[in-house]
Amino acid sequence: MARPILPEPPDDLKRLSRALQQRLHDAMGPDGEISFARFMEMALYEPGLGYYSAGLHKLGAAGDFVTAPELGDVFGACLARQAREVASGTGDWDILEIGAGSGRLAATVLRELDAADLPRRYAILERSADLRAVQRKTLADAVPDRFERVTWLDRPPTESWRGLVLANEVLDALAVERFEIRDGDVRQLCVRATDDGFRWSTRAAPAALEAQVRHLEADIGAPFADGYRSEIQLHLPAWLDSVTERLEQGLALFIDYGYPRREYYRAERRDGTLMCHYRHRAHDDVFFWPGLQDLTAWVDFTALAEAADRCGLDVDGYTSQAMFLAGCGLESVLENRMTADGAALAAEVRQLTLPGLMGERFQVMGLGRGLEREPRGFSLLDLRYRL
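Residues numbered from 1 in each chain as written. Predicted model: local features only at pLDDT ≥ 70, side-chain atom pairs only at ≥ 80, totals over all residues. Heavy atoms only, no water.

Draft legend 1. Here's a closer look at the environment of Ala87. By secondary structure assignment, the location of Ala87 is in helix 4 (residues 74-87). Each C-alpha atom, one on Ala87 and one on Leu251, is 9.8 Å from the other, the two residues being 164 residues apart in sequence. (Helix = DSSP H or I, 4+ residues; strand = E, 2+ residues; numbered from the N terminus.)

Draft legend 2. A look at helix 6 (residues 129-142). For helix 6, with 14 residues, the first-to-last C-alpha span of 20 Å sits near the 20 Å given by 1.5 Å per residue. For helix 6, the full list of buried residues reads Leu131, Arg132, Gln135 and Leu139. The buried residues of helix 6 occupy an angular sector of 105° when projected down its axis, which confines them to one face. Seen from the buried face of helix 6, the exposed residues on the opposite side, beyond 90 degrees, are Ala129, Lys137 and Asp141. On the buried face of helix 6, the contacting elements are helix 5 (104-112), strand 3 (121-125) and strand 4 (150-153). A side-chain oxygen of the first residue of helix 6 lies 3.4 Å from the backbone nitrogen of Asp130; this N-cap is Ser128. (Expected span 1.5 Å × (residues − 1). Buried < 20%, exposed > 50% of the residue type's maximum accessible area, 1.4 Å probe, protein only. Arc of directions from axis to C-beta. Contact = heavy atoms within 4.5 Å. Polar contact = N/O pair within 3.5 Å; in protein donor to acceptor, adjacent residues only side chain to side chain.)

Draft legend 3. Molecular detail of the pattern of salt bridges. Counted according to the given criterion, the structure contains 29 salt bridges. Between Glu248 and Arg162 there is a salt bridge whose closest N-O contact spans 2.9 Å. Remark: Arg162 occurs in strand 5 (residues 161-168) and Glu248 occurs in strand 10 (residues 247-259); sequence separation between them is 86 residues. Counted as one network, the salt bridges with shared partners bring together Asp31, Glu33, Arg192 and Arg203. (Salt bridge = Lys/Arg side-chain N within 4 Å of Asp/Glu carboxyl O.)

Draft legend 4. Structural view of the sheet that holds strand 12 (residues 281-283). In spatial order, the strands read 12-11-13; together these 3 strands make up an open sheet with antiparallel pairing. A single partner strand is all that each edge strand has here, and the edge strands are strand 12 and strand 13 (294-296). Across the sheet, the mean angle separating the axes of adjacent strands is 25° when strand polarity is ignored. As paired strands, strand 11 (residues 275-278) and strand 12 are joined by 3 bridges and run antiparallel to one another. Bridge pairing in strand 12 places Cys276 opposite His283. (Pairing = 2+ DSSP bridges. Axes fitted to C-alpha atoms, helices over the stretch in contact; angles between N-to-C directions.)

Draft legend 5. How the structure looks around the side chain of Glu33. As for its position among the elements, Glu33 is in strand 1 (residues 33-35). Looking at Glu33, the relative accessible area reads 7%, which means it is buried. Side-chain polar atoms of Glu33 contact the side chain of Ser201, separated by 2.6 Å. The contact partners of Glu33, leaving out residues within four places of it in the chain, are Met28, Cys190, Val191, Arg192, Ser201 and Arg203.

Draft legend 6. The nonpolar core, seen in detail. Ranked by size, the top nonpolar core spans 84 residues in total, and within it Phe39 and Phe179 carry the most contacts. Examining the composition of this core, we find that 9 residues originate from one element, helix 4, more than from any other. Dropping the residues within four chain positions of it, Phe39 is found in contact with Leu24, Ile34, Val191, Phe198, Val286, Phe287, Pro290 and Leu295. Counting residues in hydrophobic clusters, the runner-up holds 30 residues, among them Leu240, Ala252, Phe254 and Leu304. (Core = buried A, V, L, I, M, F, W, Y, C linked by side-chain atoms within 4.5 Å.)

Draft legend 7. Quick look at the environment of Leu125. Its location among the elements puts Leu125 in strand 3. The buried category is assigned to Leu125, whose relative accessible area is 14%. Sequence separation of Leu125 and Glu97 is 28 residues, and the distance between their C-alpha atoms is 6.2 Å. Those residues in contact with Leu125, other than ones at most four positions away along the chain, are Leu96, Glu97, Ile98, Gly99, Leu153, Asp154, Arg155, Pro156 and Val243.

In short, geometric facts, not functional conclusions.
Given below as structure tokens:
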């Protein structure tokens, strides 16, 4: 993907980026480089300077990208129906949302649930102090009568609980390792400092990265071609275990753009899926003003299913976002909103469901523990055979 002409950041944001660049320089070892995974982690989450840690305006028309909950209330209303079904079989229950963005999804879900169906608490696991402040205001304004149920966590729950995990566009922001195939060998893609920024470099892959790449080749049934580049989330099983370990009974929903493994690592996708988002422009220059743009990689949903197996979770459903929303009662949700602005509602639904927009590019996977029935969102189309 060629980089479009991007707006020049203001001087105060350039100063933030330069401070982050100095931190990146300081993190480099004697060889003058760091792994891309470390670069991505710092670019997104370095305290006070990373993209999600520096108080930047990220969401909506004035930010860098728009997520499904920001389009309107339809997405959240459908998820509330899935939440109600999970609650019906779990007794006292909670919701844990990971990375709650502006708080719009939490507000919609809490507003859509009847008083008798409300969770004991709505916990938000959020790394960004800036986003926590935004979420507090959103929720206090939108659902003041239910605000006392909301709590913020610094780490996943440490006591057993039952209920629903919501993770919308979370996995794509986990730091990934990048690899390259050279003369049949696996090379780790790294970042090296230059006089005017950063550039790519490579070194022999660590054992864990090489082993995972070879696992991919064996699973796909063919070696990667010379020059092939892509990404792997090496720590996905550990991360998934950390957020679901204490879930005694319930469902974890992961909604993100991605593919099953055989599609993710297709031969023609030879430079991977890494993307940057800046002022609603998608491009591939990961070194453009570090800390001022979002970095994401598409999700290998087969890897998520493998991680679930290691964590003792069942893959209770895998489908497209469009079919998931339909299974959750999208038609009824729309009937309840017929008095709203028809044009705006139609535009929202098109964005959420059309194949070329979010409808098929976004996938939904449900990982369950101790569920007695198939979650309704997966009742219309089962894509687990593609994993």
